[in-house]
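Close look at the chain arrangement
As a plain string of letters, each chain reads:
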Amino acid sequence: MNSARPGRQTHVDALKLLASQLIVLHHFATYGPLADALSEVAPALTSWFYDYARMAVQVFLVLGGYLADRYWGQRKTVYIGGALMAAGHFVMASSATSA
């Protein structure tokens, strides 16, 4: 029994899964106290995550923008992206003043 929906591209889903895991591992290996502990235990692994997972972050951000543009169109993608960036900057600014 095949549980995949018709028209679903499982290879794209697998690529999204890989991308999300690389992004999470990149952040674990780069930021916070876990990064310090990991760099002491496995410096080669930390270096690999920092170099190659960082590239994956950049590639998948561009790919996500391209897919959003195809799905929503140029104008709606720019509005939604701008709103998300503004919200992110607001959160960063408000957390910096409360610390």
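Further up the page is the structure itself.
Let us look at the structure shown here. No experiment lies behind these values; they were computed from the predicted model shown.

With that settled, the discussion passes to the overall build of the protein chain. For the protein chain, the helix and strand inventory stands at 4 helices and 0 strands. In the protein chain, the succession of α and β elements from N to C terminus is α-α-α-α. Split into buried and exposed, the 99 residues of the protein chain put 12% on the buried side. Of the roughly 8,000 Å² of accessible surface on the protein chain, 67% is carried by carbon and sulfur atoms.

This part takes up the nonpolar core. Formed by Leu 22, Ala 29, Phe 49, Ala 53 and Ala 56, the largest nonpolar core amounts to 5 residues. Looking at this core, the element that brings in the most residues is helix α3 (residues 43–72), giving 3 residues.

Turning to the environment of Ile 80, a few remarks are in order. Within the secondary structure, Ile 80 is located in helix α4 (residues 74–98). Each C-alpha atom, one on Ile 80 and one on Ala 68, is 9.7 Å from the other, the two residues being 12 residues apart in sequence.

The next subject is the packing of aromatic side chains. Summed over all chains, the structure comprises 3 aromatic pairs. Between Trp 48 and Phe 49 the ring centres are 5.4 Å apart and the planes differ by 70°, which places this aromatic pair in the edge-to-face class. A centroid spacing of 5.7 Å and a plane angle of 40° characterise the contact between Trp 48 and Tyr 52, whose relative ring orientation is tilted. With Trp 48 and Tyr 52 both in helix α3 and 4 residues apart, the pair spans about one turn of that helix. With a relative accessible area of 46%, Tyr 52 lands in the partly exposed category. Three or more aromatic residues joined by ring pairs make a cluster, and in this case those are Trp 48, Phe 49 and Tyr 52.

Cut-offs and rules
Residues numbered from 1 in each chain as written. Predicted model: local features only at pLDDT ≥ 70, side-chain atom pairs only at ≥ 80, totals over all residues. Heavy atoms only, no water. Helix = DSSP H or I, 4+ residues; strand = E, 2+ residues; numbered from the N terminus. Buried < 20%, exposed > 50% of the residue type's maximum accessible area, 1.4 Å probe, protein only. Areas by Shrake-Rupley, 256 points an atom, 1.4 Å probe, with all protein chains shown as cover. Core = buried A, V, L, I, M, F, W, Y, C linked by side-chain atoms within 4.5 Å. Phe/Tyr/Trp six-rings, centres within 6.5 Å; stacked < 30°, edge-to-face > 60°.

What is shown is where atoms sit, not what they do.
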